[in-house]
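# Architecture and fold: a report
Residue strings, one per chain:
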Amino acid sequence: MTDATGLKGRAAELLAAHPPATTGRLDFLRARFDAGLAWVHFPEGLGGLGAPRSLQPVVDAELAAAGAPDNDPRRIGIGLGMAAPTILQYGTEEQKRRFLRPLWTGEEVWCQLFSEPGAGSDLAALGTRAVRQDDEWIVDGQKVWTSSAHLARWAILIARTDPDVPKHRGITYFVCDMTDPGVEVRPLRQITGEAEFNEVFLTGVRIPDAHRLGEVGDGWRVAQTTLMNERVSIGGMRLPREGGMIAPVARTWRTRPDLRTHDLHQRLLTLWVEAEVSRLTGERLRQQLAAGQPGPEGSGMKLTFARLNQEISGLEVELLGEEGLLYDDWSLRRPELVDFTGRDAGYRYLRSKGNSIEGGTSEVLLNIVAERVLGLPAEPRTDKDVAWKDLSR
Ligand SMILES: Cc1cc2nc3c(=O)[nH]c(=O)nc-3n(C[C@H](O)[C@H](O)[C@H](O)COP(=O)(O)OP(=O)(O)OC[C@H]3O[C@@H](n4cnc5c(N)ncnc54)[C@H](O)[C@@H]3O)c2cc1C
């Protein structure tokens, strides 16, 4: 009974057993996970029912209509969008059972310890070292731009375990305990003034081998699952018609005739249509996802998302004129969530600048689309067969 009718029936049973009006938020979310209605495409026992992913909106709508709480997905986007699919694909049964439930309910926030000062686009060049000591790994190094590290209980981490082989081959993927005394999180201030991300120093951090995801030396392959899912989770969010960045500017256009000009009208119409095309393309991408892991097409979605967010928020500031330059001072605040489209026009304009950097820069995503979608010749790579320790830095 994993068709739409069966799922509606299960949602009704959940609501009857745990009425949202009288059940605590966390208790409801845990019960929803245990009923297999968290992410219906996950396996039974892990928050799902092995149902088609495309049926998730049926469950979400039934529960929302009954006033049930959700798991605040924007607060736990890295866990839901990146850590969870990676754990599902590469984790042991024990790891799946330990990590997925509190990840989904939001009891445990996750962050992503990938980028380093010398390894962003060229992520495989990373230098954080993990050295095996009996049943543990000792990790030393520095990560940077780590969103939500100040809130996180766990991190997905990639580190170098073999410097003697070429850079892509000597990496291993771990789950890192952010409460380990060797983890130090320091805020980094962004263009918006706030500190949504951090630098993270790792000094003698101990990770049990039981928290390794995938084989030793296979971390690059495991990380591809995370990165492909990251692009979809950033660029492929489900939106209603006229949702996302286009919503506030369309609203302002309708309610403020005093601001309208012919030129801005043409640009707004063009961007509105592009936003709708992008939204519908996202729907198609999600239908493909129902059948497996995302491929490089997600990079195309994320590219468009970044370009449109920047153009639309730019148009909004122009439309509002001087009013568009006013925005709340968020200096040094530590936001609870990563918010691409929230707050005021000035915030949206500044925050969207990061959209073409986070989750892979637009230049790097263009390379991926060129090579892996269009089949164009690859960039020359001179370091493919050179041991990581012999690379110039
Ligand atoms: C808001 C935000 C949140 C982030 N959150 C996280 C996080 O939670 N965890 C995490 O690990 N990282 C995070 N990042 C880091 C992000 O993944 C990196 O910034 C990104 O991969 C780029 O790396 P870099 O900053 O080192 O720039 P570089 O790689 O040094 O790039 C500099 C410039 O060179 C260009 N360039 C580089 N290589 C090529 C190439 N081959 N062809 C053409 N152009 C090229 C780039 O496009 C860019 O314009 C975040 C970044 C931002 C902005």
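Everything numeric in this text was worked out from a predicted model, so none of it was measured.

### Focus: unusual backbone geometry
Notably, Asp 72 is not glycine yet its phi reads approximately 55°, a positive angle. Looking at where Asp 72 falls in the secondary structure, it is placed in the loop between α3 (56-65) and α4 (77-90). Taking relative accessible area as the criterion, Asp 72 reaches 29% and is therefore assigned partly exposed.

### Section: helix α1 (residues 4-17)
Taking 1.5 Å of rise per residue, the 14 residues of α1 would be expected to cover 20 Å, and the 20 Å separating its terminal C-alpha atoms lies within 8% of that figure. Among the residues of α1, those classed as buried are Gly 6, Leu 7, Ala 11, Leu 14 and Leu 15. Where α1 is buried, its residues touch α2 (25-34) and α3.

### Section: the UniProt feature "domain: Acyl-CoA dehydrogenase/oxidase N-terminal" (unreviewed entry) in the chain
Per the UniProt annotation, the sites labelled "domain: Acyl-CoA dehydrogenase/oxidase N-terminal" (unreviewed entry) are residues 27-107. The distance separating the terminal C-alpha atoms of residues 27-107 is 11 Å; by composition the span is 56% helix and 0% strand.

### Thoughts on the site of the ligand
The immediate surroundings of the ligand are formed by 17 residues, with Ser 115, Ser 121, Trp 145, Thr 361 and Glu 363 found nearest. Within the complex, 68% of the 980 Å² of free accessible area of the ligand lies under protein. A breakdown of the residues in the shell around the ligand according to their chemical character gives four nonpolar, nine polar and four charged.

### As for the pairing of strand β3 (residues 136-144)
For strand β2 (residues 129-133) and β3, the ladder comprises five bridges, and the chain directions are antiparallel. The residue of β3 that forms the bridge with Arg 129 is Asp 140. Bridge analysis of β3 against strand β7 (residues 197-208) gives eight bridges, and the strand direction is antiparallel. Counterpart to Trp 137 in the pairing with β7 is Ile 207.

Cut-offs and rules
- Residues numbered from 1 in each chain as written.
- Predicted model: local features only at pLDDT ≥ 70, side-chain atom pairs only at ≥ 80, totals over all residues.
- Heavy atoms only, no water.
- Helix = DSSP H or I, 4+ residues; strand = E, 2+ residues; numbered from the N terminus.
- Buried < 20%, exposed > 50% of the residue type's maximum accessible area, 1.4 Å probe, protein only.
- Expected span 1.5 Å × (residues − 1).
- Contact = heavy atoms within 4.5 Å.
- UniProt positions renumbered as here; feature names shortened; annotations may be inferred.
- Near = heavy atom within 4 Å.
- Areas by Shrake-Rupley, 256 points an atom, 1.4 Å probe, with all protein chains shown as cover.
- Nonpolar A, V, L, I, M, F, W, Y, C, P; charged D, E, K, R; others polar.
- Pairing = 2+ DSSP bridges.

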